[in-house]
Amino acid sequence: MIKNFFLTAIRNLYKQKAYFFINVLGLAIGLASFIFISIYVLHELSYDKFHSNHENIYRVFIKGEMSGQSLDGSTTASPMAAALLNDYPEVENVARIGRFGTWIVGHENKTFIEDHFLFADSSFFNIFDFKLIEGDPNKALTHPRSVVLTESSAKKYFGDENPMGKLLKVEQDTVFYKVTGIAEDAPENSHIQFDMIGSLITLRVSRDRGWVNHNMQTYIALKEGTSPDKFRGKMQKMIEVYVGPQIKEILGLTMEQFKELGNYFGYFLNPITDIHLKSNLPDELETGGNIVYVQLFSIIALLILLIAIINFVNLSTAKSTTRAKEVGIRKTIGAKRKALIYQFIGESVLLSIIAIIIAILLISLFSTNFNQLVGQELPGLFSTPLNLVYLFCLAVIVGIIAGIYPAFVLSAFQPIKVLKGRISTEAKSGWLRSSLVVFQFTISISIIIGTIVIYKQLNYIQSKDLGFNKEELLILKRPDALRKKIESFKKELLSNTYILGVSNSRTMPGKEYPFNGKQKMDDPENNLFLLMQNRVSLEYPKLMGFELTQGRFFSKEYSTDSLACIVNEETVKLLQYDDPLNSYIVDFSGNGTVRRPIIGVLKNFHLETLHKKIQPSIMTVMPYNVEGYMQIRLNTSNLKNTLAFIEDKWNEYIPQVPFQYFFFDEEYKQNYQYEIKTGQIFGTFAILAIFIACLGLLGLITYTAAIRTKEIGIRKAHGATLFNIIKLLSGEIVKLILISTFISWTIAYFWIEQWLNNFAFHVSIGPGVYIVSTIIALIIGWIAISFQTIKVGLSNPVDALRYE
């Protein structure tokens, strides 16, 4: 019996090649899209779950508010680790991780600037499952100036040599770190990414006793069975015992008085598996993802699969006219309805299995392109043997779901009516087919609207005036390596007519800005305010193109500018200065306090991305050449030669340090990589969703033409034109698309509002986006059905009248 079902299914599919091709193609593309997005979503959800003890690992973070400003951050105080181990028996282990900028690392004639050089406590490999290929995980980071390399880094510096026990130069020629371990490269799905890890005990900051200096990540492993919520409550005791006395010393306030002023400070816990998608705090080790996007992509994957299944249903019921007599004859000779249902569901499952095979081929063919699209090296489809089982189960489930409705419709035909040609009375499911098409186009139009909005926001981001000139700006890394020769180097560069200006600074817009505590002048309450601070050279504000609203830039003509500061409008607003140029800001240094006169007020500019509001900021003159960036304003008409000139001068001054640069506008764009990636994914799957939905329209128009063949013949015999016939057949489709439009507008509106709320600055969305999306859907829909409608419209009416 099964053999008979199988042979019958093959014979039917072979007889209806066009139907078979369209149905399999739509289902295969839908399944491939679903699998592609599922791989991406599962990868995003898998972050940090490879640690065997991930359920008990947490990162401590801070939430707070002071003087109306946020104190939230992912870094904590250095002495917290010891306090957690000593005071809380629930804590099994603690490890601190510090990322302190870039590091110049060399071995023999190889030198690189390392961006992923982390420092960690000796307990690092006891908490995290980063496998050591060589070295003792318990001792690798125990001693000062020890370093663990990844396999890739070891290869980069030592080639095929065994690096264990060898020395690396770090920063200075006289400072050497001993290689004490080789680790496997960090997995792609780890929020802790590193090329090398130094022993934290090497750095003075590891012994800092200040509880208000937040400079490193603190991870804890709680003992099995410990409630994180209860433990978080107990952690607040540290504020009273350790933080309070230092607040008292700095501000002269007890913690009770600090809170009475409306301030707040508390410790919280991030499960390690939540950090990548659910944490977006300052000073994260790596830029994370966004759980909202992951949820959105999950919905899109399911919707595209649903569109494909709906196509199958529509095409199957559309072909019911051609199989009605087969059903009638089968029933006449004794076939039971149950057997017919099995037959049609079996055909559906067979078709689904063929579709999944084609989907696998498509995935194999386009996996590299998809990895480039999402910007990650995703696990392969066959990374585990079980995936084949999952795919087969998916094919069977999809086949059953897609085949149930057509099977029940076809098997319900009554033999007598069917054999008399009266099948139209049996097809009372038009409302369902129409509803399915509405559903398809509601999804498709919603995705089109979402895609347009994402691209409009990306265009807004890239074209918005940021308050400075980001174009034609070359940035050099680590100019502090020039030390006292930096001013001579700048003068050498300025001798080139294509170099318009040179400056240097501790940080830059789009990079991490430190928040530092300041006080207003003559403030009897000693309120502390947080300002984003940048230490800059004298030329920096003017070179960057900041706009002054009051006062002047720094100048060599004023020796007192070494103590002066320039602030933005937001700072003036925060401190409520009526006459800022006759005011000052109280700064803190190792020698006490410093009164910094305000010499200029800048028009507000974007220090951070457009996701965040503009923060109050301050610029002070760099006391000496510190680590950071050098800005070079260029005339790019002779770019190749200018870059060669700059590199030659760099190598002339400091040949031992690699010449590394980037263009500011390109680097700044990287801050929006997640949005860019989302837009590309949306665009790609919007096209696929529309394509699959159009196959559904083809099914509907085929069905409509089939059941109205005689009507079309009569109309043509009475003089109906081609336009009349096309209008007759496509009118229903247009109505369905218009119904889809109004539903999709409502859905898209709420989604757009939620997404744009992720940006403090965003584009305004008018009705034009919705109208354009509808026009696009109508045009695509009409093109999809035009071939079939024109074919029917040009047919001979005599053939149509012989239909019955």
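Scroll up to find the structure this text is about.
Just so it is clear, the structure is predicted and the values come from calculations on it, not from any experiment.

Engineer: How would you explain the overall build of the chain if you had to name every residue and give the values?
Structural biologist: Assigned secondary structure in the chain consists of 25 helices and 25 strands. Relative to its full complement of 804 residues, the chain shows a buried share of 52%. Contacts in the chain between residues at least 24 apart in sequence constitute 80% of all its contacts with a sequence separation of at least 6. Put simply, the chain shows about 37000 Å² of open surface, and 57% of that area lies on carbon and sulfur atoms.

Engineer: Please provide a residue-by-residue account of the nonpolar core, values included.
Structural biologist: Grouped together as the largest cluster of nonpolar side chains are 104 residues, with contacts concentrated most on Leu31, Ile35, Phe297, Ile300 and Met619. At 13 residues, helix α2 (residues 17-45) tops the list of elements feeding residues into this core. Setting aside chain neighbours within four positions, we find isoleucine 300 in contact with Ile37, Ile447, Phe682 and Phe685. One finds Met238, Ile247, Leu253 and Tyr267 within the second-largest nonpolar core, a separate group that totals 30 residues.

Engineer: Summarise the side chain of threonine 571; cite the residues concerned and give the values.
Structural biologist: Looking at where threonine 571 falls in the secondary structure, it is placed in helix α18 (residues 569-575). Overall, the relative accessible area of 1% leaves threonine 571 in the buried class. In this structure, threonine 571 is in contact with Leu531, Ile585, Pro616 and Ser617, ignoring residues within four places of it in sequence.

Engineer: Requested: an account of the packing of aromatic side chains, with residues and values cited.
Structural biologist: This structure, assessed with the given rule, holds 40 aromatic pairs. Plain terms: the ring middles of tryptophan 211 and tyrosine 242 are 4.7 Å apart, the flat faces sit at 5° to each other, and that makes the pair stacked. A residue pair is termed long-range when its members are at least 10 positions apart, and tryptophan 211 in the loop between β12 (196-199) and β13 (214-222) and tyrosine 242 in helix α7 (residues 237-251) qualify at 31 residues. Residue classification places tyrosine 242 among the partly exposed positions, given a relative accessible area of 26%. Ring centres of tyrosine 668 and tyrosine 672 lie 6.0 Å apart, and the angle between their planes is 65°; on these two criteria the pair is classed as edge-to-face. Judged on exposure class, the residue tyrosine 668 and its partner tyrosine 672 are both buried. In textbook terms, an aromatic cluster arises when at least three aromatic residues are bridged by ring pairs, as seen for Phe50, Phe124, Phe125, Phe128, Phe130, Phe194 and Tyr219. A cation over a ring is seen here: lysine 464 above phenylalanine 761, with NZ or CZ 5.2 Å from the ring centre. We note arginine 552 situated over the ring of tyrosine 558; from NZ or CZ to the ring centre the distance is 3.7 Å.

Engineer: Can you break down the pairing of strand β11 (residues 172-183) residue by residue, with the values?
Structural biologist: Here strand β8 (residues 132-134) pairs with β11 via 2 bridges, running antiparallel. Paired with leucine 132 across the strands is alanine 183, a residue of β11. Relative to β11, strand β9 (residues 146-150) is paired through 5 bridges, and the arrangement is parallel. Bridge pairing links valine 147 to valine 179 in β11. As paired elements, strand β10 (residues 167-170) and β11 share 4 bridges and run antiparallel to each other. Residue leucine 168 lies in a different strand from β11, and its bridge partner there is tyrosine 177.

What counts and how
- Residues numbered from 1 in each chain as written.
- Predicted model: local features only at pLDDT ≥ 70, side-chain atom pairs only at ≥ 80, totals over all residues.
- Heavy atoms only, no water.
- Helix = DSSP H or I, 4+ residues; strand = E, 2+ residues; numbered from the N terminus.
- Buried < 20%, exposed > 50% of the residue type's maximum accessible area, 1.4 Å probe, protein only.
- Contact = heavy atoms within 4.5 Å.
- Areas by Shrake-Rupley, 256 points an atom, 1.4 Å probe, with all protein chains shown as cover.
- Core = buried A, V, L, I, M, F, W, Y, C linked by side-chain atoms within 4.5 Å.
- Phe/Tyr/Trp six-rings, centres within 6.5 Å; stacked < 30°, edge-to-face > 60°.
- Lys NZ or Arg CZ within 6 Å of the ring centre and 35° of its normal.
- Pairing = 2+ DSSP bridges.

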